[in-house]
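# Observations on the three-dimensional arrangement
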Amino acid sequence: MRHALKTFGAAGLCLILLALCACSVSFGGSDDDSETSEEETTETISYNGDELPVDPSVSVNPYDNDKFVQDDAGLYHYEGKGYTSLTGIDVSKFQGDIDWQEVADAGVEFAMIRVGNRGYGSGEIVEDDLFEQNIQGALDAGIRVGVYFYSQAVSEDEVLEEAEFVLDQIKDWDITMPVAYDFEYIRTGTARTDSVSNEEMTQFAVTFCETVEKAGYQASVYFGIDQGYMEYDLGEIRDYEFWLARPDTVPGFYYDFQMWQYSYTGTIPGISTDVDLDVYITKK
């Protein structure tokens, strides 16, 4: 090998070095082109003037907006091919005494009933004053029932306490709709959850849903469209059903969901106050 290099001479060595440099530049250029290509093809969601990156781990909304149809009573149904839907409401003590048979006769097929809540100031868990009355009345009227809990947890221990509270309250009832976790930041005034980060809120939802599903129920996470886009890490909770709150004539949400709360001011015979209206969609 020494003899060969000596014979080749200095000029030959220069040519070899130049060739190696050329190869190095070529590979570097290829990597840069790849990175530029990825940046150019990144999908985004336009929302409130912002361009939000799409999370490819979360299923995309498969629904046709034209297939959301209102009946004469103003209740939504979804009539897309391959899907079926149920018409529903969600209620708490704030709806007062409800004539559930009249509600059923009006076409309501399911109800999401509040089990209780944690106080945003006191931190205490409180059962909804009309929980048992509402769940008994709905079931007696032949209405399918699910439940939700309004959380103001500030730790994993508190979330587990909330989940166990819900499971204890519903264990003797026929729950055939989801058990939903509803965490909401208090937008006005001061609350014990002011220091809870979006990452912590997301983990709280995972903990609640994991606990509920281990007990044999279908877990769901309730959120408004702002919360879904800007606060929750949807990729972390994608294994659970999404309950989207967005009052409108169409959902207008990029990602898949199973339940849509489309009105906060609905009117239903048998209920003397405004009531939230929902539609639940499943594949046939």
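Residues numbered from 1 in each chain as written. Predicted model: local features only at pLDDT ≥ 70, side-chain atom pairs only at ≥ 80, totals over all residues. Heavy atoms only, no water.

### Quick notes on the overall build of the protein
To keep it simple, the criterion reads: Going along the chain from the N terminus, every DSSP run of H or I of four or more residues is numbered as a helix, and every run of E of two or more is numbered as a strand. Exposed residues in this analysis have more than 50% of their type's maximum accessible area, buried residues have under 20%, and partly exposed residues fall in between, with area computed by a 1.4 Å probe over protein chains only. Whether two residues are in contact is decided by their heavy atoms: any pair within 4.5 Å suffices. Per-residue accessibility takes into account occlusion by the displayed protein chains alone, with areas from the Shrake-Rupley method and a 1.4 Å probe.
If you tally the helices and strands in the protein, you get 6 helices and 13 strands. Of all 284 residues assigned to the protein, the portion counted as buried reaches 47%. Pairs at least 24 residues apart make up 62% of the contacts formed inside the protein by residues separated by at least 6 positions. With an accessible surface of roughly 14900 Å², the protein has 48% of that area assigned to carbon and sulfur atoms.

### A word on the nonpolar core
The following threshold applies: The nonpolar core is taken to be a set of buried Ala, Val, Leu, Ile, Met, Phe, Trp, Tyr and Cys residues, with the residues joined through side-chain atoms within 4.5 Å.
Counting residues in hydrophobic clusters, the biggest one holds 73 residues, and the most contacted among them are I89, W100, I170 and Y232. Once residues lying within four places of it in the same chain are set aside, the contact partners of I170 are V115, F131, V147, I175, V179 and Y217. Within the second largest apolar cluster, 11 residues are counted, among which are L86, M177, Y222 and A245.

### With respect to the layout of surface pockets
What counts is decided by this rule: Using a grid of 1 Å spacing that covers the protein atoms alone, one calls a set of points a cavity when a 1.4 Å probe fits there but cannot get out, and a pocket when the set is open and has protein on both sides within 12 Å along at least five of seven lines; lining residues are those with an atom within 4 Å of a point. Grid points are joined across faces, edges and corners, and a volume is the space filled by probe spheres set on the points. Residue classes follow a fixed rule: Ala, Val, Leu, Ile, Met, Phe, Trp, Tyr, Cys and Pro count as nonpolar, while Asp, Glu, Lys and Arg count as charged, and any other residue, Gly among them, counts as polar.
In this structure, the largest pocket occupies an estimated 280 Å³ of space. If you list the elements that add at least two residues to the lining of the largest pocket, you get β5 (83-91), β8 (144-151), β12 (259-266) and β13 (275-283). Residue composition of the lining of the largest pocket, by class: 8 nonpolar, 3 polar and 6 charged.

### Some words on helix α3 (residues 131-140)
Using the following cut-off: Our arc is simply the arc of the directions from the helix axis toward the C-beta atoms.
When α3 is considered as a whole, its buried residues turn out to be F131, N134, I135, G137 and A138. Burial along α3 is one-sided: seen end-on, the buried residues are contained in an arc of 165°. Where α3 is buried, its residues contact β5, α2 (100-105), β6 (110-118), β7 (125-127), β8 and α4 (156-170). G142 sits one or two residues past α3 and shows a positive phi near 80°.

### A word on unusual backbone geometry
Phi is positive for N48, which is not a glycine, with a value near 50°. Along the chain, N48 turns up in the loop between β1 (44-47) and β2 (50-53).

### A word on helix α5 (residues 198-214)
Where we set the bar: A helix is expected to span 1.5 Å multiplied by its residue count minus one.
Here α5 contains 17 residues, and its C-alpha end-to-end distance of 24 Å stays within 8% of the 24 Å for a straight helix at 1.5 Å per residue. Every buried residue of α5 is accounted for by M201, T202, F204, A205, V206, T207, F208, C209, T211 and V212. Packed against the buried residues of α5 are β8, α4, β9 (179-183), β10 (219-224) and α6 (225-230). Positive backbone phi, approximately 100°, marks G216, located one or two places after α5.

### Concerning the packing of aromatic side chains
Working definition: an aromatic ring pair is given by the centre-to-centre distance plus the angle between the planes. Keep this limit in mind: Think of it this way: a Phe, Tyr or Trp ring, Trp meaning its six-membered ring, pairs with another when their centres are within 6.5 Å, and the plane angle makes it stacked under 30 degrees, edge-to-face over 60, tilted otherwise.
Following the criterion strictly, the structure yields 25 aromatic pairs and no others. An angle of 80° between the planes, with centres 4.6 Å apart, marks the rings of Y76 and Y262 as edge-to-face. Remark: Y262 occurs in strand β12 and Y76 occurs in strand β4 (residues 76-78); sequence separation between them is 186 residues. Ring plane angle 40° and centroid distance 4.9 Å describe the contact between Y181 and F208, whose orientation is recorded as tilted. Placement of Y181 in strand β9 and of F208 in helix α5 is noted, with a sequence separation of 27 residues between them. On the basis of relative accessibility, which here comes to 0%, the residue F208 falls in the buried class. In textbook terms, an aromatic cluster arises when at least three aromatic residues are bridged by ring pairs, as seen for Y47, F223, Y229, Y232, F242, F253, Y254 and Y255.

### Observations concerning the side chain of Q95
Put simply, the test is: For the purposes of these results, a polar contact is taken to be a pair of N or O atoms within 3.5 Å, where, inside protein, one atom must be able to donate a hydrogen and its partner to accept one; residues adjacent in sequence count only when each atom of the pair is a side-chain atom.
On the secondary structure map, Q95 appears in the loop between β5 and α2. Assessed through its relative accessible area of 11%, Q95 is described here as buried. Separated by 3.1 Å, the side chain of Q95 and the backbone oxygen of D274 make a polar contact.

### Considering the environment of Y255
Structurally, Y255 is set in the loop between β11 (241-245) and β12. Judged by its relative accessible area of 4%, Y255 falls in the buried class. Distance in space between the C-alpha atoms of Y255 and P56 is 9.9 Å, their sequence separation being 199 residues. Excluding residues within four positions of it along the chain, Y255 makes contact with I45, P53, V54, D55, V58, S59, V60, N61, Y229 and L234.

### Notes on the pairing of β2
Defined as follows: Two strands form a pair only when DSSP identifies at least two bridges running between them.
Judged from the 4 bridges that link them, β1 and β2 form a sheet pairing that is antiparallel. In the sheet register, Y47 faces β2, and the bridge partner there is D50. Counted between consecutive antiparallel strands, the loop separating β1 from β2 contains 2 residues, among which N48 sits at a positive phi close to 50°.

### Digging into a negative patch on the surface
Applicable threshold: Candidate patch residues must exceed 30% relative accessible area and have no salt bridge, after which like charges are joined if within 9 Å and Val, Leu, Ile, Met, Phe, Trp or Tyr side chains if within 5 Å. When a carboxyl oxygen of Asp or Glu lies within 4 Å of a side-chain nitrogen of Lys or Arg, that pair is called a salt bridge. Positive residues here are Lys and Arg, negative ones are Asp and Glu, while His and the chain termini are left out of the count. A charged residue contributes its charge at one atom only: NZ of Lys, CZ of Arg, CG of Asp or CD of Glu.
Taken together, the side chains of E156, D157, E199, E200, E210, E213, D233, E236 and D239 present a region of like negative charge at the surface. Secondary-structure assignment places E199 in helix α5. Look at E199 and you get exposed, because its relative accessible area is 61%.

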